Amino acid sequence: METQTIKNNQIAKKVTERIFGSEAIVRCLIEEDVKIIYGYPGGAIMPVYDELYKYQDKIHHVLTRHEQGATHSAQGFARISGKVGVAIATSGPGATNLITGIADAQIDSTPMVCITGQVFSHLLGSDAFQETDIVGISTPVTKWNCQVTKAADIPAALAKAFYIARSGRPGPVLVDITKDAQFEELDFSYEKCTKVRSYIPVPKTAEGSLEAAAKLINEAKKPFIIWGQGVILSEAETQFKALVEKSGIPAGWTILGASALPTSHPLNVGMLGMHGNYAPNKLTNECDVLIAIGMRFDDRVTGKLDEYATQAKVIHFEIDPAEIDKNIKTDVAVLGDAKLTLDAILPMINENSHEDWHQQFKDLYEIEYEKVIKNDIHPTKEGLTMGEVIKEINIQSKGEAAIVTDVGQHQMIACRYTEFNKTKSNITSGGLGTMGFGLPAAIGAKMAAPEREVVSISGDGGYQMTIQELGTIFQQKAAVKVVVLNNDFLGMVRQWQQLFFEKRYASTEMVNPNFVAIAEGYYIKAKKVTKREELADAVAEMMASKEAYFLEVCVEKEGNVFPMVPSGASVSEIRLE
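Description of the structure in this document. Because the structure is predicted, anything quoted here is derived from the model rather than measured. (Residues numbered from 1 in each chain as written. Predicted model: local features only at pLDDT ≥ 70, side-chain atom pairs only at ≥ 80, totals over all residues. Heavy atoms only, no water.)

1. Structural notes on empty space enclosed by the protein
- Under the criterion given, the structure shown has one cavity of 30 Å³ or more.
- Each pocket or cavity is described by its volume, and for the largest cavity that value is around 30 Å³.
- Lining the largest cavity are Ile217, Asn218, Ser247, Ile249, Ile349, Asn350, Asn352 and His354.
- In terms of residue class, the lining of the largest cavity is made up of three nonpolar, five polar and no charged. (1 Å grid on protein atoms, 1.4 Å probe; cavity = no way out; pocket = protein on both sides within 12 Å on 5 of 7 lines; lining within 4 Å. Points joined across faces, edges and corners; volume = space filled by probe spheres on them. Nonpolar A, V, L, I, M, F, W, Y, C, P; charged D, E, K, R; others polar.)

2. Things to note about the pairing of strand S15 (residues 313-318)
- Taking burial as the measure, the six residues of S15 include five buried ones, the bulk of the element.
- The pairing of strand S14 (residues 289-293) with S15 spans five bridges and is classified as parallel. Paired with Ile291 across the two strands is Ile315, which belongs to S15.
- Two elements, S15 and strand S16 (residues 332-335), share four bridges in a ladder whose sense is parallel. Opposite Phe317, over in S16, you have Val334 as the bridge partner. (Buried < 20%, exposed > 50% of the residue type's maximum accessible area, 1.4 Å probe, protein only. Helix = DSSP H or I, 4+ residues; strand = E, 2+ residues; numbered from the N terminus. Pairing = 2+ DSSP bridges.)

3. With respect to the layout of surface pockets
- Size it by volume and the second largest pocket reaches roughly 610 Å³.
- Together, 26 residues line the second largest pocket, and Thr263, Asn268, Asn277, Tyr365 and Arg416 are the ones closest to its centre.
- Put simply, the parts of the chain that give the lining of the second largest pocket at least two residues each are strand S13 (268-271), helix H12 (278-284), helix H15 (355-377), helix H16 (386-397) and helix H17 (409-417).
- For the lining of the second largest pocket, the element with the most residues is H15, which contributes seven residues.

4. Brief notes about the pairing of strand S21 (residues 525-529)
- Of the pairings in the sheet, the one linking S21 to strand S22 (residues 549-554) comprises five bridges and is parallel in character. For Lys525, the partnering residue across the bridge sits in S22 and is Tyr549.
- Handedness of the crossover is the feature at issue here: the chain leaves S21, passes through helix H23 (residues 532-544), returns alongside S22, and the resulting connection is right-handed. (Right-handed = clockwise from strand over helix to strand, strands pointing away.)

5. Focus: unusual backbone geometry
- The amide bond that connects Phe562 to the next residue, Pro563, takes the cis arrangement and shows omega of 0°.
- Its location among the elements puts Pro563 in the segment after S22.
- With a phi close to 60°, Lys398 is a non-glycine residue in the positive phi region.
- Looking at where Lys398 falls in the secondary structure, it is placed in the loop between H16 and strand S17 (402-405).

6. Some points on the pattern of salt bridges
- Considering all chains together, one arrives at 27 salt bridges under this definition.
- Here Asp187 ties to Arg18 by a salt bridge, and the two come within 3.2 Å at their closest N and O atoms. With Asp187 in strand S10 (residues 185-188) and Arg18 in strand S3 (residues 17-20), this residue pair connects regions lying 169 residues apart in the sequence.
- Looking at Asp187, the relative accessible area reads 32%, which means it is partly exposed.
- We note a salt bridge from Glu323 to Lys326, for which the minimum N-O separation is 3.0 Å.
- The class for Glu323 is buried, based on a relative accessible area of 6%.
- With relative accessibility at 44%, the residue Lys326 sits in the partly exposed group.
- Within this structure, Arg169, Asp320, Glu323 and Lys326 form a network of salt bridges that share partners. (Salt bridge = Lys/Arg side-chain N within 4 Å of Asp/Glu carboxyl O.)

7. Points about the packing of aromatic side chains
- Evaluated as defined, the whole model comprises 13 aromatic pairs.
- Ring centres 5.9 Å apart and planes at 85° place the aromatic pair Tyr163 and Tyr199 in the edge-to-face group. Placement of Tyr163 in helix H7 (residues 154-166) and of Tyr199 in the loop between S10 and helix H9 (209-219) is noted, with a sequence separation of 36 residues between them.
- Where Trp227 meets Phe240, the ring centres are 4.9 Å apart and the plane angle is 55°; that geometry is what we call tilted. Residue Trp227 is found in strand S11 (residues 223-227), and its partner Phe240 is found in helix H11 (residues 237-247); the two are separated by 13 residues along the sequence. The pair formed by Trp227 and Phe240 is uniform in burial state, with each residue classed as buried.
- By way of ring pairs, the aromatic residues Phe224, Trp357 and Phe361 are connected into one cluster.
- Sitting over the ring of Phe489, Arg494 keeps its end group 5.8 Å from the ring centre. (Phe/Tyr/Trp six-rings, centres within 6.5 Å; stacked < 30°, edge-to-face > 60°. Lys NZ or Arg CZ within 6 Å of the ring centre and 35° of its normal.)

8. Topic: the packing of H9 against helix H14 (residues 338-345)
- The contact between H9 and H14 brings their axes to 10 Å, and the two run at 60°. By the angle between their axes, H9 is oblique relative to H14. The hand of the H9/H14 crossing is right-handed. Judged by residue contacts, Leu210, Ala213, Ala214 and Ile217 of H9 engage Thr341, Ala344 and Ile345 from H14. (Axes fitted to C-alpha atoms, helices over the stretch in contact; angles between N-to-C directions. Parallel < 35°, antiparallel > 145°, perpendicular 65-115°, else oblique. Left-handed = near helix turned anticlockwise from the far one by under 90°. Contact = heavy atoms within 4.5 Å.)

9. Let's talk about helix H2 (residues 46-54)
- Turning to H2, its buried residues are Pro47, Val48, Tyr49, Glu51 and Leu52.
- On its buried side, H2 packs onto helix H1 (21-31), strand S4 (36-39), strand S5 (60-63), strand S6 (85-89) and helix H8 (179-183).

10. Regarding the sheet that holds S13
- Pairing within the open sheet is parallel, and its six strands lie in the order S13-S12-S11-S14-S15-S16. Whereas interior strands pair on both sides, the edge strands pair on one side only; in this sheet they are S13 and S16. Put simply, the sheet's adjacent strands are angled 20° from each other on average, direction ignored.
- The pairing of strand S12 (residues 251-253) with S13 spans three bridges and is classified as parallel. Each residue of the ladder has a partner; that of Trp253, found in S13, is Met271.
- Relative to S16, H9 is tilted by about 130°, and along the sheet it contacts S14, S15 and S16.

So, in structure tokens, the structure goes:
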């Protein structure tokens, strides 16, 4: 049928089609160019699954083994592709199982749309079977959410969801749809959302802010750039590299910002934060101008706030006005999309080299190399270290692989020692620190970028939180390379217990299963390495495999990750041992 709308003083005909709400949901996804979704069926979302069955040629549904796995897979998909990830679940426990992944996506600014089924609208508030107030539960951890009780409202709700999820500072959105809305008919048409009243995804850059920032940068004697994921999210890598090279300013990164600038770049001075590199942490408190680009001054980066860069003028390039002055007082705020603001400021920046200042970073790196790095990647002790495993993966992958990590010691080691030659190559759980993230996120990353080598790196603790997703790897034939660095401990907690709790290892020692047998039970080729002389050949075999591969490497049980900024300490108090 046709309906008429008035547009630009002309009558435009909008073609509609009479369909069920459940089909409308699938058709909306198709209109948003969604090709892959991750989820788990159940009663309240069953009508949608019935329609997905009919549209298998348009949308590939990935049956994860747990709803949390669906959200992490959608996150991995989004992080490597730059597109919106989609997860779907039923009501009640299906919906609540999404919450961890949604919270992770919220704090890490990952675009994701979650669709949940809900009980019939007349049962809302009656404690019906598998009813939960998922809108209320998810409100603190979503960028936006809503509940749909009428089929006619489905297209507009989903269009708005995708627009909000991907625009401005990205984030997760949840749309909860009652079962009667799925069964109800509507006159379907779809119009993509391009604007939401009162929502300003990209704020206007304040007049004079670019000039003020450029003046501070050009006059600085010891400027320091710290960058985060905002550079990647805005696809500003080219502009960022041009700024760094023209200004000659040393640049350090947060873990989510890793890979925006190649690791080997001479002005890339390493990782910031609690387990970051020695030089960028120490010299944060010696620079005269601190230029923050697309990062939010997280506590793991700043350490003790009242002793963080107090001597420096602070310039903050940021898309989210809420981040300005939230943690660190800013002298010049440059609001806007980083790609646009960096492009605009570049002509105002003088060419420079800052050689003496850069030499200070090199000198401190040499100290860190002798005390920490050399022992991590060229150990003389008998036990294998996590660092030498990462080094071998670097050699075999030539720095081209996408590394997806879980959370813990292995995460810090992987971030510190991986060579990143391509952007969007470090996929990890940053702000929430979600153990169990790595394996399902690697599935999403591999499916989004099948041409790339994707290596999942986990510890023995986090790996077992989502180990069931090996079933998803097998069913989907996803050629993920899975590495478990096994020290038979919850390593990061054990490190803190060693350093700050007099080695009282309370509930951190793991009694682990036969990981190789489990992987083989899922028909995945597997190998275990216990000796240094076995490592290179095993990693080479894994990387050469055209199918999924599991590699367990037994590393030293009580190895620690240094440098380390103790909790509550200043970044100047970073410890090398």
